[in-house]
Amino acid sequence: MSFSSATTAAVAAASSTVTKRPDPDRTRRVAHALTYFKEVWYFMACFIALVALGNWIGVAYVNYRERQSRGPSIDVRNRRGSFAYVRRFPLAVIDTLRALAFRWTIPLGKQYQINVMDVLASTAYISVIFTWSLINSTSLRGVKYDPRYWGNVAGNIAASQLPLIAALGMKNNIISFLTGISFDKLTYLHRMTARSVCALIWLHAGGRIKLGLHGDQSLSEPYMQSAIMAAVALTILSVVAIRPVRERHYEIFLVSHFVFVLMSLLGAYFHANAFELGRVIWPVFIFWGLDRVIRVLRVLVYNYGYFFPKRSEPFKARIDVVSPNLIRMRLYRPNFLHWRAGQCVYLTLPEVSKFPLEAHPFTISTIDVPRAQRDAEKADSQPLEKELVFLLRVRDGITGRLFNVADAPVTVFMDGPYGSPPVLKGTDSALLIAGGSGISFTLPLLLDLLHRAKTKKVLCKRVTFIWAVREVDDTNWMAGVLAPALKNIPDSLEVDIQIYVTNAIAELDELSSEESGNEEKRIGNDNVHQSLINLSGVTVQYIRPSIEHIVLTAVHDGSDALSVNVCGVTGLTRVVQRTLRAPRFMDVLRGGATVTLHVEAFGNC
């Protein structure tokens, strides 16, 4: 063998040795890619557990206060001494945090705003997923932010977050059950996490592009094509799901949401499964399937009469025209249906809707009264004993079409109930504010308080009910609901019901000052039903309510715990939030009422 041949062989052997030498970065990169996405999930699980713990403590505290109501009444404002301050210190801290986190808002455009808590949650989530994606990405050779590190980690974290996104978007989900946060209020987090993960996916794609698309990672590979389909579909969906598009073209959004979600999930699964990580995505399909199974079972069980022709007629809804602006829909369902005051259901009306399967959310304005407490004669005469009533403002769309078919039976498929309305049994006083058809949310809360006050001793000592309505005719039905509810109210509960008719102001302004007083009296006598005026604790006024004054008065008069609940247009809810946003640490510490605020904006359900 010649010298040159020996040299060539030695070089080849050396090259082979170098090629086979393990890459120390690879072991480290793989460890990061397989560990960091789990650590992100540990963080998310701990956060959810912390919120759930707070919810359970709150429920326990409410039950404790309810048991306390059976004992003698104590005015906390009259308590003095250091012990009283120490006892109320946690309440003062919690009340201050509520005011700062949930009532201070940041405007996004003219019609939308988010509170500080939403901002903090969004910032924390984005910081967590991007920090875990980019941390420790300096290679052993000193290359900072090496895409071979953060590229794969970002992709794994993005894939692992898909089940969380799905869970936050489901009507039936474990997160709502644990935390007590209604599914409709979790939709913000659903959209926020989806858009954040979309950005993380493109970070993952950017790392791959920087390293080069060649060899077994070229675009000709099916699993790479699946990745492109998933990224593009999720990006388009993130654009289509912005608020203006959702509100103006909701039907288009629903169809596109289903199509693009399916494309992104299938593409992500096949791409991740190529790296044996499909296991982190398939839980999405389980969550989606369970949600649909539960909803289908509810529809079958609560609407079983439609599947037997001879029994279908009692299940149909009846539409009553209360006024040109308001309709009342009544339907009956089986005795085993239960709901909480303030919950909503989704109604599918195939004979009225443009699309037979589209479902619309409506709040139940009646309460779930136990069978033993219902009128025996009425129960015997009604095969379906649970009456559900819905108050709907007539607008374009589904409510306008229901107005056109009034007095005719309408086929209705019900799915629900849904929502996590406020629990008022642990409050000393309650303030219920509604504008227009927002009464469909506050009325059942009032009826539930009155019903429980009759059946057992409750902690609540004062309830103030405010309803601002445009037309006098919209109040005609109210007397028939309030008259039986206000009978036999115990003396321990003070009830103040104030109805404000705002459209009459324009008529009064046109009159001279001499005639205005007589005209106001005439309008009141002619248009407001006499039985409503004669009810104890009910007043009807032809002015716009001073919401700020009403709220501040309720806070000042509150003794220990005040629950403020508002439902109506955005302007109304914003006034209430602004009025209650100032921290009241020292006032609560001295015995002032702690305030909880529940805002049920139109369309929440």
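Further up the page is the structure itself.
This text gives an overview of the structure that appears in the document. Bear in mind that the values here come from a model prediction, so they are computed numbers and not experimental data.

How each quantity is defined
Residues numbered from 1 in each chain as written. Predicted model: local features only at pLDDT ≥ 70, side-chain atom pairs only at ≥ 80, totals over all residues. Heavy atoms only, no water. Helix = DSSP H or I, 4+ residues; strand = E, 2+ residues; numbered from the N terminus. Contact = heavy atoms within 4.5 Å. Core = buried A, V, L, I, M, F, W, Y, C linked by side-chain atoms within 4.5 Å. Buried < 20%, exposed > 50% of the residue type's maximum accessible area, 1.4 Å probe, protein only. Pairing = 2+ DSSP bridges. Salt bridge = Lys/Arg side-chain N within 4 Å of Asp/Glu carboxyl O. Expected span 1.5 Å × (residues − 1). Arc of directions from axis to C-beta.

### What about the side chain of Thr348?
Point 1. With respect to the element layout, Thr348 can be found in strand 5 (residues 344-348).
Point 2. The residues touching Thr348, leaving out its near neighbours within four places in the chain, are Pro356, Leu357, Glu358, Ala359, Thr411, Val412 and Phe413.

### Observations regarding the nonpolar core
Point 1. Core analysis: the biggest nonpolar cluster contains 43 residues, and Ile439, Leu446, Trp467, Trp477, Met478, Leu482 and Ile497 have the highest contact counts within it.
Point 2. Those elements that place two or more of their residues in this core are strand 9 (429-435), helix 15 (439-455), strand 10 (462-469), helix 16 (478-485) and strand 11 (494-501).
Point 3. If near-sequence neighbours (up to four positions away) are discounted, Ile439 is found in contact with Leu391, Ala434, Pro444, Phe465, Trp467, Trp477 and Met478.

### A word on the pairing of strand 3 (residues 318-323)
Point 1. Examined bridge by bridge, strand 3 and strand 4 (residues 326-333) share five bridges and lie antiparallel to one another. Residue pairing for strand 4: Ser323 is matched across the bridge by Leu326.
Point 2. Adjacent in sequence and paired antiparallel, strand 3 and strand 4 are bridged by two residues.

### Concerning the side chain of Arg29
Point 1. Tracing the backbone shows Arg29 in helix 2 (residues 24-68).
Point 2. In this structure Arg29 touches Asp23, Arg148 and Tyr149, once residues within four positions along its chain are discounted.

### Brief notes about the pattern of salt bridges
Point 1. For the structure on display, the rule yields 17 salt bridges.
Point 2. Among the salt bridges present, the one from Arg393 reaches Asp474, with a minimum N-O distance of 3.3 Å. Of the two residues, Arg393 sits in strand 7 (residues 386-393) while Asp474 sits in the loop between strand 10 and helix 16, which places them 81 residues apart along the sequence.
Point 3. The class for Arg393 is buried, based on a relative accessible area of 13%.
Point 4. Here Asp448 ties to Arg452 by a salt bridge, and the two come within 3.1 Å at their closest N and O atoms.

### Section: helix 12 (residues 282-302)
Point 1. When the terminal C-alpha atoms of helix 12 are compared, their 31 Å separation across 21 residues agrees well with the 30 Å that a helix rising 1.5 Å per residue should span.
Point 2. Of all the positions in helix 12, only Pro283, Val284, Asp291 and Tyr302 are classed as buried. One side of helix 12 carries all its buried residues, which in axial view fall inside an arc of 125 degrees.
Point 3. Where helix 12 is buried, its residues meet helix 6 (162-169), helix 11 (250-273), strand 4 and strand 8 (413-418).

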